[in-house]
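# Report on the structure
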Amino acid sequence: MTPDGSLISAAGLRKAYGPTTALDGADLSIHAGEVVAVMGPSGSGKSTLLHCLAGIVRPDAGTVHYDGRDLAAMSDAERSALRRRDFGFVFQFGQLVPELTCLENAALPLRLTGHKRKDAEARALRWLERLEVADVRHHRPGQVSGGQGQRVAVARALVGEPRVVFADEPTGALDSLNGERVMQLLTDSARETRAAVVLVTHEARVAAYSDREVVVRDGIARDMAGMYDAA
Amino acid sequence: MTPPERTRITAGPTGVAVWARDLAMGIRFAVTGGREAWLRTALTAVGVGLGVALLMIAASVPHMMSERHQRGAARAVDSPSVFFDKRLAHEQKPGSGTFLYKTANTDYHDKPVNGALLQADGPSAPAPPGVGAMPRPGEMVVSPALDDLLHSDNGKLLRERFEGYRTVGTIAPSGLIGPNELFYYAGSDKLAPGHGTIRVDGYGYEEPDVPLTPELFLLVIIVCVVLLMPIAVFITTAVRFGGDQRDQRLAALRLVGADAHMTRRVAAGEALCGSLFGLSAGAGLFLLLREFATYVTIRDNSVFPSDIVPEPWIAALIALAVPVCAVVVTLFTLRRIAIEPLGVVRNAVTRRRRLWWRLLIPAVGIALLLPLFRKASGYAAHSVPLDTYQIGAGTALLLVGLVALLPWVVEICVSRFRRGPLPWQLAARRLQFDSGPAARAVSGITVAVAGAIAVQMLFAGVQSDYTTSDGHDPGHFQVRASYRPGTAEETSAWTERFRATKGVEAVTGYVERYADKPGDDAAVTSIHIGDCATLQRMAHIDSCRDGDVFVAQEPGGDVDTEHRFAPGTRLTMKEYSAPAGQKKRGYDWMVPASARVVTTRPDPSGDHPFGILATPSAIDVTKIPDATTTFVAQVTKGDLDAIEQFRNTAAHIDPSMRVWRLGGVVKDNNYATIEKGLLIGAVATLALIGAGMAVTTAEQLRERKRLLSVLVAFGTRRSTLGWSVLWQTIVPVVLGMILAVGGGLGLGWAMLHLLRKGVRDWWSFVPVAGTGAAVIMAITVLGLVPMWRLMRGDGLRSE
Amino acid sequence: MSIGHTLLALLESGPRHGYDLKRTFDEHFGHDRPLHYGQVYATMSRLLKNGLVEVDGIEHGGGPDRKRYAITDAGITDVAQWLAQPEKPEPYLQSTLYTKVVLALLTGRDAGDLLDAQRSEHLRLMRDLTQRKRDGDLADQLICDHALFHLEADLRWLELTAARLDQLAKAVRA
């Protein structure tokens, strides 16, 4: 961990896609086990911030430290390995492999880190049970509802017991009832496993499941923690 | 498939108009649907085009054969042979319009150079087809190919052979069977009727139709089935290229209000468009390939491009059947998926392929073939005529059945995949999810490669009949020539000329005639007439004077000859044929009592003479009907020019003298051409199948760009994804190759077995299978390059 | 909320005592503010006067008023009319927050900070409600959701305003 006790800290992140500036000097730190909502209007650079924090995308400028290591200094393979080992991901849609069963999808991260198939699927099944979707384990993603699919995705994100779960609009494709249930299961499970959650959302009600929020506007991230102290 | 509801969108125009409108929309999609649609249409067009071109070539075979036959018949005059020509020659009286004709064929470097000597009796003797004027003595007209050969460096010895003639023109295509045919007409003034020379007043001799032998007929049927099957499969595969993307587009169409019927019609329109492009591409390719025919000579046959004209009704059938097939296949494909406004629902997962009808077809085929096989493998087979229709139908059904069985086999195989590392699991699951593309790829590969292997084996097996492969076979540098009977002086003079020829190491020349023993039909012997020197070369003879006769006996052999044709035996030699109404002339002769039994020596060709050896004074050569002078020579081994020198000497004695190279001729390069052609064809087909697979994979990857990015996001190695894509291709390719090699070898063996030929080389499939697999893998790996780009985190941005 | 109508509607299922009414009301609706017994008493007096309820019986005992109230036909009609009458939507045309934003702009203060602080405040409340929702029963969830949706609406307004601050600044300074 960095001296200030944060698990992930980012400073001065800049990222442009062609002429579009997605991030323009974002600072942020995330502590172990906390749920942080990244909010902001669409196009504000929320997702890009998440991608930079998770080491999926290299920022043009600025640094990201995870557990004291500079992501920029790591090779692509090392960052991939880090993502496999320490991070979990939930996205809005299109994330389950359609030809694998729900159980196989949930077991995928463990398989990627070299677990035996049987062992991986046994662990994945526990998570599917935890997320109330064990009954569809032999179904393919195309055969289950959006809410069930998203729960499978959450199970998959948590199955490797990551230290950080990155969730990018995890409820974006769900109705509010399903969305809230998924959020509840996600944050409960994360708290249980002491995983930090970086939750990108534009919905305040989803953000309300967080411990604190970070607002991204015009590519600049503001940590709202300071605001509380002022308030 | 046809729910009864009619939705509002079809309420306007009805029937044909609706079809036309929707087909037109499909065609527009195919053409204006952006790069992907173009690629898809182009692939379909190329695939269909290849098939169509091959079909057109196959459809041209009957016309080509008949044209060639007609030109061949038009330039022929009766079938003149040394022995059977007197009848005609006697009948035709000389007149201003008659001429003498004598076939004068020769070979040059194992290529036949055919021709005739002509001698006009009067000014109005007609010129041969394709020739402007009757060549005068000392003049020669040649085919363009022969002209080229005579003018080339390679033609030096042939120039010497024809040095007595001046080339005054070339023969037009109407007088030639093929463009590369080596043919000539030479004018002469030394011809006289008899000994192969006939007097006629025109050209054109309709040979009675020779029916195809059952074996040949069978060969034709099997080759057609084997060649056409891949084409059919390939066309049906080609019209499905890029089907997934098409389905997405159709789903979008449903979203804006098209009903299920309309989407089917639009899809049919797209397929129709591809197949129409394919038809024109095929026609273009056909015309192109047709021109190439000039440069291809197989087994000394070449074909004029203008002869390659498809039968009109077959061409019409192709033009009609290909688009119809394309539409039917498309509709058939769509039967198994439901295109809903929000996406495509595949029913393939829930519905297993049904087995019974897939098994029924090959079962019927086997049922037809099995009794024949039993017959063919029995010893009595040679006397039982093969039931060709039964074999043809059996083979066709068996092949069709195998093709129908393949998807089922693929499905079963793929569903067996369970354990394995992650990339393998991903690939296996993908194949299980939708085995359609894999099954089609396997079908395509299997029929293309199996067909190529079987045809290659067939040609390899059959070619052993015609050729010997070993150019260093000593027998290969032995030559035999045959000519009219010569007097003792003539014979020894000719022999001396051969002996003096460069490269000729040994030569024996004698007059030869077979003789019967009156009253004993089974007793036939041979009389060799030569001077003492010649006879002493043929047998161990201590003392010899003109007038002596010897009875030859092989060392340690045949006492029978001695007994039956012992000294004092009467022999008779009858004319082979006599002019109508006349009796056959005969010559009777008795083996003199003074004849001695001698032991023979091998002649230059290694053969021992058989029968009676006589010196010229002992028998009157001029009275023996149908006798021939035979020369047997050994030329320098490995010296092909020596053979040509020998032929030149023969031609200078008389252009019509026949010369044979013993042990056949070397025609390996022809087989190599066929092999190369098959290889190119098979590999091109496989490349196209590979391209189709690559396009399908690329489409699938693009469709899953987001999923790929997600997988990369949570740390999936690119190599894992790359391998899963590779496995996805490797599995069908390997499966297809195994089935193809097995099927091809089995088919080839069966065909050769039915023709009672042996398999020459069990490993001949290696180049086709190896190159094909390599090409497909290369294309797949190339297809992975864009995937590498897709697998960056950027893919997550597109929302 | 009309307490009179609420109590009247609660009586429709059967006569109740005053303390019973209070308890039922609190169970369903009184999460934030339980009803004072005085309020019940005053309200029931008014309803009695208007003939919407009648006294069904009186229990005498050591406690406070032990009247049992029953709804009259007029009362049932009144409840029906009240339920059928759509609530007038809040126009929300007067907003303190808007006033603050305009004043911040006019006085040259950072209106963005103001909005950010407000958002944090809103979110803090939303977090509390969410937490309560997680721990509570269905009634809690529904009531909290109601509040959460309203707060979310405020937040959307905040976002929209934040996005248009420059435009607004020009307009108020013109």
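Residues numbered from 1 in each chain as written. Chains lettered and ligands numbered in written order. Predicted model: local features only at pLDDT ≥ 70, side-chain atom pairs only at ≥ 80, totals over all residues. Heavy atoms only, no water.

Turning our attention to the packing of aromatic side chains. Evaluation of the coordinates by the stated rule reveals 14 aromatic pairs over all chains. Look at Phe 87 of chain A and Phe 166 of chain A: their rings are 5.0 Å apart centre to centre, the planes differ by 70°, and that puts the pair in the edge-to-face class. Here Phe 87 of chain A is found in strand β6 (residues 87-90), whereas its partner Phe 166 of chain A is found in strand β7 (residues 164-168), with 79 residues between them in sequence. Of the two residues, Phe 87 of chain A and Phe 166 of chain A, neither departs from the other in class, the shared state being buried. Centre to centre, the rings of Phe 89 of chain A and Phe 91 of chain A are 5.9 Å apart; their planes meet at 0°, and the pair counts as stacked. Among the aromatic residues, ring-to-ring pairing joins Tyr 66, Phe 87, Phe 89, Phe 91 and Phe 166 of chain A into one connected group. Its end group placed over the ring of Phe 183 of chain B, Arg 75 of chain B keeps NZ or CZ at 3.7 Å from the ring centre. The ring of Tyr 514 of chain B has Arg 513 of chain B sitting right over it, with the charged end atom 4.8 Å from the ring centre. (Phe/Tyr/Trp six-rings, centres within 6.5 Å; stacked < 30°, edge-to-face > 60°. Helix = DSSP H or I, 4+ residues; strand = E, 2+ residues; numbered from the N terminus. Buried < 20%, exposed > 50% of the residue type's maximum accessible area, 1.4 Å probe, protein only. Lys NZ or Arg CZ within 6 Å of the ring centre and 35° of its normal.)

A few words now on the environment of Trp 356 of chain B. Residues and elements named next belong to chain B. Looking at the secondary structure, you find Trp 356 in helix α10 (residues 356-377). A relative accessible area of 59% means that Trp 356 is categorised as exposed. With 49 residues separating them along the chain, Trp 356 and Leu 405 place their C-alpha atoms 9.7 Å apart.

Another point: the sheet that holds strand β9 (residues 212-217) of chain A. All names here are of chain A. Read across the open sheet, the six strands follow the order β6-β7-β8-β3-β9-β10; overall the sheet is mixed. The open sheet has two free edges, formed respectively by β6 and β10 (220-223), since each of these has just one partner strand. Put simply, the sheet's adjacent strands are angled 20° from each other on average, direction ignored. Bridge analysis of strand β3 (residues 35-39) against β9 gives four bridges, and the strand direction is parallel. Paired with Ala 37 across the bridge in β9 is Glu 213. Running over the sheet, helix α1 (residues 46-53) touches β3, β6, β7, β8 (196-200), β9 and β10 and is turned about 155° from β7. Running at roughly 80° to β6, helix α2 (residues 76-86) makes contact with β6 and β7 of the sheet. (Pairing = 2+ DSSP bridges. Axes fitted to C-alpha atoms, helices over the stretch in contact; angles between N-to-C directions. Contact = heavy atoms within 4.5 Å.)

This brings us to the confidence of the model for chain A. Confidence along chain A averages 86 in pLDDT terms, with 94% of residues attaining 70 or more. In the model, residues 226-231 of chain A has pLDDT below 50 throughout and makes nine contacts with residues more than four positions away in sequence or in other chains. (pLDDT = per-residue confidence, 0-100.)

The next subject is the interface of chain A and chain C. Residue-level contacts link 24 residues of chain A with 18 residues of chain C. Both sides of the chain A and chain C interface together cover about 1,800 Å² of buried area, and 51% of this is carbon and sulfur. Seen at the junction of chain A and chain C, the total is seven residue pairs in polar contact (both at pLDDT 80 or more). Elements represented by at least two residues in the side of chain A that touches chain C include exactly α6 (176-192), α7 (204-207), β9 and α8 (225-230) of chain A. (Buried area = accessible area lost by both parts, 1.4 Å probe. Polar contact = N/O pair within 3.5 Å; in protein donor to acceptor, adjacent residues only side chain to side chain.)

Another point: the pattern of salt bridges. Following the criterion strictly, the structure yields 40 salt bridges over all chains and no others. Between Glu 192 of chain A and Arg 130 of chain A there is a salt bridge, with its nearest N and O atoms 2.6 Å apart. One end of the pair, Glu 192 of chain A, is in helix α6; the other, Arg 130 of chain A, is in helix α4 (residues 117-130), with 62 residues separating them in the sequence. Owing to a relative accessible area of 27%, Arg 130 of chain A belongs among the partly exposed residues under this scheme. Among the salt bridges present, the one from Arg 181 of chain A reaches Glu 132 of chain A, with a minimum N-O distance of 2.4 Å. Residue Arg 181 of chain A is found in helix α6, and its partner Glu 132 of chain A is found in the loop between α4 and α5 (146-159); the two are separated by 49 residues along the sequence. With relative accessibility at 28%, the residue Arg 181 of chain A sits in the partly exposed group. Taking the relative accessible area as the measure of exposure, Glu 132 of chain A reaches 40% and is therefore partly exposed. Look at the salt bridges and you will find they share partners, linking Glu 180, Glu 203 and Arg 205 of chain A together with Lys 133, Asp 145, Glu 152 and Arg 156 of chain C into a network. (Salt bridge = Lys/Arg side-chain N within 4 Å of Asp/Glu carboxyl O.)

Contact residues are listed per partner, giving 26 residues for chain B and 28 residues for chain A. For the chain B and chain A pair, buried surface summed over both sides reaches about 2,700 Å², with 58% attributable to carbon and sulfur atoms. Counting across the interface, chain B meets chain A through two salt bridges. Among the ionic pairs, Arg 429 of chain B bridges to Glu 104 of chain A, the shortest N-O distance being 2.3 Å. The tally of links from chain B across to chain A stands at eight residue pairs in polar contact (both at pLDDT 80 or more). Each residue belonging to the side of chain B that touches chain A can be placed in one class, and the counts come to twelve nonpolar, five polar and nine charged. (Nonpolar A, V, L, I, M, F, W, Y, C, P; charged D, E, K, R; others polar.)

Okay, the confidence of the model for chain B next. All names here are of chain B. Confidence in the prediction of chain B, expressed as mean pLDDT, is 76, and 80% of residues score 70 or more. Within chain B, strand β4 (residues 139-142) carries the highest mean pLDDT (90), whereas helix α3 (residues 86-91) carries the lowest (49). The model gives residues 1-11 a pLDDT under 50, and that stretch makes 16 contacts with residues more than four places away or in other chains. Of the regions scoring below 50 in pLDDT, residues 80-89 engages in 25 contacts with residues more than four places distant in sequence or in other chains.

Here we come to the state of the cysteines. Residue and element names in this part refer to chain B. The full count for this structure, using the stated rule, is one disulfide over all chains. Disulfide pairing places Cys 532 opposite Cys 544 at an S-S distance of 1.9 Å. Handedness of the Cys 532-Cys 544 disulfide follows from its S-S torsion of about -80°: it is left-handed. Within this pair, whereas Cys 532 is found in helix α15 (residues 532-538), its partner Cys 544 is found in the loop between α15 and β13 (549-553), the two being separated by twelve residues in sequence. Taken individually, Cys 532 and Cys 544 each receive the classification buried, so the pair is uniform in this respect. (Disulfide = S-S within 2.5 Å.)

Turning next to the environment of Cys 532 of chain B. Residues and elements named next belong to chain B. Classification of Cys 532 as buried rests on a relative accessible area of 17%. Sequence-wise, Cys 532 and Ser 543 are eleven residues apart; in three dimensions their C-alpha atoms are separated by 8.8 Å. Residue contacts for Cys 532: discarding those within four places in its chain leaves Cys 544, Arg 545, Asp 546 and Thr 615.

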